[in-house]
Amino acid sequence: MAGQSAGDRLVNWYGGVVEKNLLTRPDFVHSWLMLGFQAMRAKVHLAPYSDLLPSGNHGYQLFMDSVVGALADFGNAVVTSIFTPNEIFHALGVRPVTAEAVASFASGAQAEGGFISAAEGRGIPETYCSYHRILMGMATSGVLGRPRMLASCSVACDANNLTFKTLGRFWGIPHVYLDVPYDVSRDSALYVADELREMAKVAEEASSCKLDESRLREICACSERTMHALAASLPTRRGRYLANTMTIDMMEMLDLHLSLGLPKCEELAHEMQQDFLAAPPYEGVNLVWAHVSPYFLESLGRLVNTSKTAQIAASDMMFEYLPEGDAWFDATNPYEFMAERLVRNCFNGPATRRADCIERLARETDADAVVLFCHWGCKQTAGAAQLIRRQLEGAGWPVLVLDGDACDRANCMEGQMTTRFSAFLEMVDKRGRKAGHE
Ligand code: SF4
């Protein structure tokens, strides 16, 4: 406990109460967690962070509103996987919430340990992705009630399928699985469009509501505008001080999936552009961050959170469907629009597509280096890591492959990770940034 701040000790105690009561009083644990989440939500609205840009604070607020809102009314929510399109749910007035967001809330409350133990106690292997172990622990311990339905897709991983299938049986609710063909083609998109039409029918039934197709088209048109604005924000990030943190980057990434299609999300993408254009120059190391981040590791965070040493200029989870050349999606056919986005997601198909996306992000933001975070249990990222590293290094960017866990703090070797990260940043700084990839 020595060296911990008062705030950290308080959250530690708060998470300890969850752990102590988890097995015997799941309803109390639910209320206890909601109390903390609502307090955090109020805090970010009433006292925004002075060191963040307006878009950073608005991204934080939008994230708290959408996730706390969904958890507070969980019986009307749909639990999705991160890349499952949500426009159908927004059109039906059902709140989507994703496994990564729920698990991040639990780990933000320092309560992940109890949920992970609960999941492992039910036979979930410790090698399974921690996001999913936390979600399973929260569900099977009775802390999370029963949502309306579950919706997942095969991009980016198998864990989605296994977890969602199991939870569908456990809760006795509908589960729709979008099987996205590996082949990135128009035929694949048409196939997924049909799957999405089926998903819409299941969602209509689960929500006892008729889908208004013109509303769905409006929402998809908003998604398209948001995606344009977000892509246009890439060059505005070049050499500018973005005043962000690992937490803010993750939250904005989740906003741009959970709330895509809603006006607040479109406003956020435009505001990012405006903020970055007006931001002062940045002299530190600009990074492209690949995959999720261990936002709770303080010593690692100090190097990159509103820091003069380094910053995250872009992350591949936020920009996983960048347009290719002039091609763009046609939102007038909502099902094909959502399907094209999913099929063209850089996490679909061979790992070279993900490497190409990261390279493009590095080029467009004029980044100095790339960090690839290998999250515990994520076989997809672990399997692609060396290929991505080779491609990016071949194109002139230094790459650090950092192993850790983005939601289980007990599974991170903080000291060792920070030493490696710090040495990497020093090396990038010394060797002269932007060498070899102009
Ligand atoms: S971290 Fe990897 S294994 Fe876990 S949900 Fe994401 S893609 Fe799947």
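Placed above this text is the structure.
Thresholds applied
Residues numbered from 1 in each chain as written. Predicted model: local features only at pLDDT ≥ 70, side-chain atom pairs only at ≥ 80, totals over all residues. Heavy atoms only, no water. Helix = DSSP H or I, 4+ residues; strand = E, 2+ residues; numbered from the N terminus. Expected span 1.5 Å × (residues − 1). Buried < 20%, exposed > 50% of the residue type's maximum accessible area, 1.4 Å probe, protein only. Contact = heavy atoms within 4.5 Å. Salt bridge = Lys/Arg side-chain N within 4 Å of Asp/Glu carboxyl O. Pairing = 2+ DSSP bridges. Axes fitted to C-alpha atoms, helices over the stretch in contact; angles between N-to-C directions. Phe/Tyr/Trp six-rings, centres within 6.5 Å; stacked < 30°, edge-to-face > 60°. Lys NZ or Arg CZ within 6 Å of the ring centre and 35° of its normal.

Q: Got a minute to help me understand helix 9 (residues 186–207) in this structure?
A: Along an α-helix, residues three or four positions apart point the same way, because every turn accommodates 3.6 residues. In this model helix 9 runs 31 Å from its N-terminal to its C-terminal C-alpha over 22 residues, within 8% of the 32 Å that 1.5 Å per residue would give. Among the residues of helix 9, those classed as buried are Ser188, Ala189, Val192, Ala193, Glu195, Leu196, Met199, Ala200, Ala203, Glu204, Ala206 and Ser207. In this structure, the buried side of helix 9 is in contact with helix 4 (87–91), strand 3 (149–153), strand 4 (175–178) and helix 14 (334–343). Ser208 sits one or two residues past helix 9 and shows a positive phi near 50°.

Q: Would you take a moment to explain the pattern of salt bridges for this structure?
A: In a structure, side chains of opposite charge can pair up when their charged atoms sit close to one another. Taken as a whole, this structure holds 17 salt bridges when the rule is applied. Here Lys201 and Glu198 are joined by a salt bridge, their closest N and O atoms 3.2 Å apart. Highlighted residues: Lys201 and Glu198, both in helix 9, separated by 3 residues, approximately one helical turn. By relative accessible area, which is 48% here, Lys201 ends up partly exposed.

Q: Explanation requested: the sheet that holds strand 1 (residues 77–80) in the structure shown.
A: One key point about sheets: their strands pair by backbone hydrogen bonds, in either a parallel or an antiparallel sense. Taken in spatial order, the 4 strands line up as 2-1-3-4 in an open sheet, and their pairing is parallel. What marks the edges here is a single partner per strand, and that holds for strand 2 (95–98) and strand 4. Taken pair by pair, the neighbouring strands of this sheet meet at an average axis angle of 25°, ignoring direction. Bridge count for strand 1 against strand 2 is 4 bridges, and the pairing is parallel. Within strand 2, the residue paired with Ala77 across the bridge is Arg95.

Q: Quick question: what am I supposed to make of unusual backbone geometry here?
A: A cis amide bond links Val155 to the next residue, Ala156, at an omega of 10°. Within the secondary structure, Ala156 sits in the loop between strand 3 and helix 8 (158–171). With phi around 50°, Ala243 is a residue other than glycine that occupies positive phi space. The residue Ala243 is located in the loop between helix 10 (213–236) and helix 11 (246–258) in this model. Exposure remark for Ala243: the relative accessible area of 5% places this residue in the buried category.

Q: Help me understand the packing of aromatic side chains, please; the structure alone is not making it clear to me.
A: Where two aromatic rings form a pair, the distance of their centres and the angle of their planes describe that pair. Taken as a whole and judged by the stated rule, the model has 13 aromatic pairs. Seen in terms of ring centroids, Phe28 and Trp32 are 5.9 Å apart; in terms of plane orientation they differ by 20°. Their pairing is stacked. Within this pair, Phe28 and its partner Trp32 are both found in helix 2 (residues 26–46), separated by 4 residues, close to a single helical turn. Taken together, Trp13, Tyr14, Phe28 and Trp32 form an aromatic cluster joined through their ring pairs. Note that Lys43 overlies the ring of Tyr49, its terminal NZ or CZ placed 4.0 Å from the centroid. Taking NZ or CZ as reference, Arg341 lies 5.7 Å from the ring centre of Tyr321, over its face.

Take it as geometry only, folks, not as evidence of what the structure does.
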